[in-house]
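The chain contents come next:
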Amino acid sequence: MVKNIFYLLLFTTLTVFGQNPLTPEDKIYNAVDVYSANPTVEGLQNLTKADSDFWKNSKPKTKNELLAIVVLNCNKGYYENKFGKTNQAISSYEKAWQSYQKYKLSNYDITEYCLKPLGNLYTIMGDYDNAENTIKQYYFIANAEKNQSQKIAAIQNLSNVYQNTGRIIEAIDLLEKTIKTEKLSAVQKGNLFNNLGNNYVLSYKNPDFSKPIPNIFKKLESSYFTAIQLLQSDKTQTETLANCYRNLSALNIQWHNIELANSYFEKAKKYFFATPNISPRKLAKFNYEEANLLFQQQKLSEANTILASIFKILMPNYSNKKNILPNPNSLYAETILLDALDLQAAILLEQNQPKKALEAYALSFQIEDLFSNLLVYENSKIINQIRIRNRTEKCISIYAFLYQKENKIANIESAFQLSERTKSGVLKRYLSNKKTASREETLHLEQLQNWNNEIVKEQQKGDLANVSKINEAIKKQNELMLSLKKIRLKNQVNSAENIDLKSLYSKLEKDKAIMVEYFSGFEKMYIFTLVKQRIKLDFYWDNHTATPRIISFLDYFSDANKITDNISGYNHYGNSLYEMLKLPTNATYQNLIIVPDGILNFLPFEALITKESNTTNFAQMNYLLNDFRIAYNNSATFYLDGKPISKDKKSVLGIFPVFEKTNYELTFSKAEMQSIKSNFDGQFFENKTATFDNFKMNASNYSILHLSTHATSGDTETPASIKFYDQEILYSELYNLNINPDLVVLSACETGIGKLYKSEGAMSVARGFQFAGAQNLLFSLWKVNDYTTSVFMTDFYKNIKNGESYLDANANAKMNFLKDKSISNAKKSPYYWSAFVYYGGIETAEKPTNYYLYILGLLILIGLFLVFKHFRK
């Protein structure tokens, strides 16, 4: 890249003699020329100074001067990346792109020298949303300019993003379609086949992959061999050939073909070291793969030696004389460093050094904190959380082993702290940031979210989507993102804090509650139980068998007749699952807080069967509901930090679109509204007045927000949404509402269901309200029946009116439903009464305290006493 630029620069740069001073443009090009003649890490500061001096000058800038500063930053980014300074390189490329857009510059290949490397660096750093946006922008440019080379590069790089974000089918479809339909050179086709092989590997490795690919084993190996055949005649493709053989080596390690794996790696090594100008980072990555290959063969000493060389490459001041692990102060956000530390921990475990392994993992977590502070978009943060979970499971396993060995409760508490850090981390940080963010940062976040919603809504149109409109929205989003990064540079980096266990124990005691928190790992499901100032850890051995059992039970709720058609089966599965989940029995306390994980987010725990029976009478079954009042929470932190439930008089904002005389009509919604009206004051919008604008304008004025409408959970492509009379709103469009109600009631279908991430939970309508600020929510886990929902809601609100807490109001409404003799046995199926779950605080509600009445009563008593005393005299 750089040589081409310099020939251009040497042709265009003015040579100045005598008394003629250098122009700002000349100074910039001169700084680039001087540096390129002798590029060093130390010399980068001269380019930084040239950039700084240019902007310090208050004189108006010409287009040529601005273009020169873009060229400088592109070159600076190139060399920073070459010297392993990834974050600095990203910053330089971002500056270049921002200036190029802002000042509407031209006559420079911004795609080749800025956007392509920037997109790749975003991918390396795990900033996948920015990577995807950047790649799509230069794909749009390349397509418009009919630049086939850059268009194919964009497709290849986009497939890398899809691969890293788990969108394997999208990646495979994109690559297969491109190979079949586009005119490609041998090199382009070879690169695409190599990527295709990587995605085939992931499709067969992933146990959750729902769309098996026919002849997958034959296809994935064939892809690599085809790539090698296409590339080996081109001497410039040594690095890609090395990658093909590395991939074949990794594949054969998984298949336990050790000898063949070593053979392929030796070929990879030959091509890799034949590649000119290998960067330190690429060398470190190659060494990591070799160390991992040695580890798989239990050659631990050799693997350790190579790991030490990796640390030395990435951290020149590293020394393993006193400690094999790097100094925590020398760490920075780098994925290879992260992988190397995780491998070091695995080696230490094999060497029977569990505590030292935990030290290595602690350093990895420290790097993850640095990464999370660099990320702006929600999706990238969630993927980062998933990566953290895999490491967390290993650490919990070590702590469980240490507890068995040492019998120290501190080991279980440390395991719980790690589990808790994985719980809705993105939601936690978002809500925490809302409290501390400046007005400027808040506005940026709101606008960023608005543009993201525009992109998603346009993409939902499929083939009818306006590509230009999407690209323009991505541009706006990119500008906001770059500006937001500058604002955040002023703030300190905060790492995740541990929960205060003493305070948690104390609150549980005060609330007379038991907490059960689940961590659904790859190998085991871990179960933490906290009660009476104590914590214990259980686990279910094989999570691969646990998930199918949970799914089998959940299938009973997919249709109104499935439970009634097989009552004994429901009884059996409900009891089997109850025992597997190790819920408390014979407990002193009746309040139970569940912190679910993974697919357990969709499970109605109240409907589990504590004791199997032969009865067909639903009211007489042994539900967990009979033993406990159950509240759910996203995390123990949310429970501990939850605001006290208001003691003021309740008022309701009701949204009832009803959808009369349409296919969507909610027949019993009006009865539900009248019932709430009879118990509470408030404002109730129905039919045409039940608009999103009316909801937004009034939401902050009422303690309870009740929405009786239609909602959908969406799917892997379509986000969850909720209907108002005038429009359908995506769950992410709720983020910016900024509400603080006492309770949100979502009387609609599937409001707690959405795309599921183990780390974050469901991307549901309920989650949208949580992002908006709601702490206490009642929502549904499947498609609810209109009539039974109306009956349940009537009783629920009567209970609140009578002074019951939201927790008790929910539990008692369900119990009353089962006791109601006017409801048929079929309608008492758990399908009808257990759909609604309560997330939030459990403290007992108190009736409003009218102090003036007490004072008046006291004055009357005193008056009567004085009168009585007077007459007595």
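Residues numbered from 1 in each chain as written. Predicted model: local features only at pLDDT ≥ 70, side-chain atom pairs only at ≥ 80, totals over all residues. Heavy atoms only, no water.

### Digging into the overall build of the chain
Counted only if it meets this: Each helix is a run of DSSP H or I of at least 4 residues and each strand a run of E of at least 2, with the numbering of both proceeding from the N terminus. Within these notes, the globule rule equals 2.2 Å times the number of residues to the 0.38 power, and the radius of gyration is based on C-alpha atoms. Only protein chains enter the accessibility calculation, which uses a 1.4 Å probe; a residue is then buried when its area is under 20% of its type maximum, exposed when over 50%, and partly exposed in between. Note on definitions: a residue-residue contact is assigned when non-hydrogen atoms from the two residues lie within 4.5 Å. Reported accessibility uses the Shrake-Rupley method at a 1.4 Å probe radius. Residues are deemed covered only where the shown protein chains occlude them. When charges are counted, neither His nor the chain ends are considered; positive counts come from Lys and Arg and negative counts from Asp and Glu. By convention, the point assigned to a charge is CZ for Arg, NZ for Lys, CD for Glu and CG for Asp.
Secondary structure summary: the chain contains 34 helices and 16 strands in total. Compactness check: the chain gives a C-alpha radius of gyration of 31 Å against a globular reference of 29 Å for 873 residues, within 12% of the reference. Taken along the three principal axes of its C-alpha coordinates, the chain extends 115 × 65 × 65 Å. Across the 873 residues of the chain, 53% fall into the buried class. Here the contacts in the chain between residues at least 6 apart in sequence split such that 71% fall between residues at least 24 apart. Only carbon and sulfur atoms are counted for the fraction: they give 51% of the accessible area of the chain, which is about 40,900 Å². When the 101 positive and 87 negative side-chain charges of the chain are each reduced to one mean point, those points stand 3 Å apart.

### Quick word on the environment of Trp-782
For the record, the criterion: Pairs of N or O atoms are called polar contacts if they sit within 3.5 Å, as long as, within protein, a hydrogen donor faces a hydrogen acceptor (for residues adjacent in sequence, only side-chain-to-side-chain pairs).
Within the secondary structure, Trp-782 is located in the loop between strand E15 (777-780) and helix H31 (786-801). Along the sequence, Trp-782 and Leu-554 sit 228 residues apart, while their C-alpha atoms lie 10.0 Å from each other. The contacts of Trp-782, once residues within four sequence positions are left out, are Phe-557, Pro-604, Cys-749, Glu-750, Pro-830, Tyr-831, Ser-834 and Ala-835. Reaching out from Trp-782, the side chain makes a polar contact with the backbone oxygen of Tyr-831 at a distance of 3.0 Å.

### Remarks on the nonpolar core
Threshold: Side-chain atoms within 4.5 Å link the members of a nonpolar core, which is a set of buried Ala, Val, Leu, Ile, Met, Phe, Trp, Tyr and Cys residues.
Ranked by internal contacts, the top residues of the largest apolar core, which has 232 residues, are Leu-504, Leu-581, Phe-605, Phe-695 and Phe-769. Counting residues per element, this core draws most heavily on helix H16 (residues 335-350), at ten residues. Apart from residues lying up to four places away in sequence, Leu-504 is in contact with Phe-416, Ile-499, Met-515, Leu-530, Ala-636, Tyr-639 and Leu-640. In terms of nonpolar packing, the next biggest core, distinct from the first, is built from 33 residues, Leu-184, Leu-241, Ala-242 and Ile-253 among them.

### Re the packing of aromatic side chains
The criterion, for reference: Here is the rule: rings of Phe, Tyr and Trp (six-membered ring for Trp) pair when centre to centre is within 6.5 Å. Planes less than 30 degrees apart are stacked, more than 60 are edge-to-face, and the remainder are tilted. In this scheme, Lys NZ or Arg CZ marks a charge over a ring once it lies within 6 Å of the ring centre and within 35 degrees of the ring normal.
This structure, assessed with the given rule, holds 45 aromatic pairs. Residues Phe-273 and Phe-286 carry aromatic rings whose centres are separated by 5.7 Å and whose planes lie at 80° to one another, so their mutual orientation is edge-to-face. Of this pair, Phe-273 sits in the loop between helix H13 (258-272) and helix H14 (280-296) while Phe-286 sits in helix H14, and the two are 13 residues apart along the sequence. Aromatic rings pair up to connect Phe-553, Tyr-556, Phe-557, Tyr-570, Tyr-573, Trp-782, Tyr-831 and Tyr-832 into one cluster. Across from the ring centre of Phe-519, 4.3 Å away, lies the NZ or CZ of Arg-389, which sits over that ring. Positioned above the aromatic ring of Phe-365 is the side chain of Arg-421, whose terminal nitrogen or guanidinium carbon lies 5.8 Å from the ring centre.

### Structural notes on the pattern of salt bridges
Basically, it comes down to this: For this document, the term salt bridge refers to a Lys or Arg side-chain nitrogen within 4 Å of an Asp or Glu carboxyl oxygen.
In the structure shown here, the tally under the stated rule is 40 salt bridges. For Lys-95, the salt bridge is made with Asp-51, and the minimal N-O distance between the two is 3.4 Å. With a gap of 44 residues between them, Lys-95 in helix H5 (residues 86-102) and Asp-51 in helix H3 (residues 44-56) connect regions that are remote in the sequence. In this structure, the salt-bridge partner of Lys-696 is Asp-693, at a minimum N-O distance of 3.6 Å. Taken together, the residues span about one helical turn, with Lys-696 and Asp-693 both in helix H29 (residues 692-698) at a distance of three residues. One connected set of salt bridges, linked through shared partners, spans Glu-132, Lys-136, Arg-167 and Glu-170.

### Let's talk about the side chain of Ser-651
Residue placement: Ser-651 occurs in strand E6 (residues 651-656). Among the residues examined, Ser-651 registers a relative accessible area of 18% and is labelled buried. Excluding its chain neighbours within four sequence positions, the residues that come into contact with Ser-651 are Asp-681, Asn-701, Tyr-702, Ser-703 and Ile-704.

### Description of helix H6 (residues 110-124)
Working note: α-helix, 3.6 residues per turn, so residues spaced by three or four point in the same direction. To keep things clear, this is the line we draw: To estimate how far a helix should extend, the number of its residues minus one is multiplied by 1.5 Å.
Between its terminal C-alpha atoms H6 stretches 20 Å, which fits the 21 Å expected from 15 residues at 1.5 Å a residue. Burial of H6 is extensive: twelve of the 15 residues sit out of reach of the surface. Residues of H6 that are buried include every one of Ile-110, Thr-111, Tyr-113, Cys-114, Leu-115, Lys-116, Pro-117, Leu-118, Gly-119, Leu-121, Tyr-122 and Thr-123, and no others. Directly beyond the C-terminal end of H6, a positive phi value near 80° is found at Gly-126.

### Observations regarding the packing of helix H17 (residues 354-374) against helix H18 (residues 378-406)
This is how it is decided: Interaxial angle, 0 to 180 degrees, is taken between N-to-C directions of lines fitted to C-alpha atoms, where a helix line uses only the stretch in contact. Between 65 and 115 degrees an angle is taken as roughly perpendicular, under 35 as roughly parallel, over 145 as roughly antiparallel, and anywhere else as oblique. Definitions for this section: a left-handed crossing has its near helix turned counterclockwise from the far helix by less than a right angle. A right-handed crossing has that turn clockwise.
Direction vectors running N to C along H17 and H18 enclose 155°, while the axes themselves pass 11 Å from each other. Judged by the angle between their axes, H17 and H18 are roughly antiparallel. Crossing hand, H17 versus H18: left-handed. Side by side, H17 and H18 meet where Pro-354, Lys-355, Ala-357, Leu-358, Tyr-361, Ser-364, Phe-365, Glu-368, Phe-371 and Ser-372 of the first sit next to Asn-384, Arg-387, Ile-388, Arg-391, Thr-392, Lys-394, Cys-395, Ile-398, Tyr-399, Phe-401, Leu-402 and Glu-406 of the second.

### Considering the packing of helix H20 (residues 425-436) against helix H30 (residues 765-772)
Our working rule: Throughout, the ten residues Ala, Val, Leu, Ile, Met, Phe, Trp, Tyr, Cys and Pro are labelled nonpolar, Asp, Glu, Lys and Arg are labelled charged, and all others, Gly among them, are labelled polar.
Contact geometry of H20 with H30 gives a least axis separation of 9 Å together with a crossing angle of 30°. Classified by the angle between their axes, H20 and H30 sit roughly parallel to one another. Residue-level contacts link Val-426, Leu-427, Tyr-430, Leu-431 and Lys-434 of H20 to Arg-767, Gln-770, Phe-771 and Ala-772 of H30. Residues that form the contact of H20 with H30 fall into these classes: six nonpolar, one polar and two charged.

### A few points about unusual backbone geometry
Its identity is not glycine, yet Asn-107 carries a phi of approximately 60°, on the positive side. On the secondary structure map, Asn-107 appears in the loop between H5 and H6. Non-glycine residue Gln-298 carries a positive phi angle of around 65°. Within the secondary structure, Gln-298 sits in the loop between H14 and helix H15 (300-314).

### Section: the side chain of Asp-511
Here Asp-511 shows up in the loop between helix H23 (501-510) and strand E1 (513-520). Nearest to the buried, unbridged Asp-511 among oppositely charged side chains is Lys-507, at 4.8 Å. A distance of 2.7 Å separates a polar atom in the side chain of Asp-511 from a polar atom in the side chain of Tyr-639. Apart from the residues within four sequence positions on either side, Asp-511 is in contact with Asn-591, Tyr-639, Ile-842 and Glu-843.

### Digging into the sheet that holds strand E9 (residues 711-712)
Note the threshold: If DSSP finds at least two bridges between two strands, the strands pair.
With antiparallel pairing, three strands are arranged side by side in an open sheet as E9-E10-E11. For this open sheet the edge positions go to E9 and strand E11 (728-730), each flanked by a neighbour on one side alone. Direction of pairing for strand E10 (residues 721-723) relative to E11: antiparallel, over a ladder of three bridges. Bridge pairing links Lys-723 to Glu-728 in E11.

### Quick word on the state of the cysteines
Put simply, the rule reads: Throughout, a disulfide means two cysteine sulfur atoms within 2.5 Å of one another.
One pass over the structure, following the stated rule, counts zero disulfides. Here Cys-114 is not disulfide-linked; the sulfur of Cys-74 is the nearest cysteine sulfur, at 4.4 Å.

### Quick notes on the environment of Ile-382
Mapped onto the fold, Ile-382 is located in helix H18. Sequence separation between Ile-382 and Asp-715 is 333 residues, and the spatial gap between their C-alpha atoms is 17 Å. Setting aside residues no more than four positions away along its own chain, Ile-382 makes contact with Val-426, Tyr-757, Ser-759, Glu-760, Met-763 and Arg-767.

### Regarding H20
Across its twelve residues, H20 extends 17 Å between first and last C-alpha, which sits within 8% of the 16 Å expected from 1.5 Å per residue. Buried within H20 we find Gly-425, Val-426, Leu-427 and Lys-428. Structurally, H20 contributes buried residues whose contacts are with H18, helix H19 (409-421), helix H27 (636-641) and H30.

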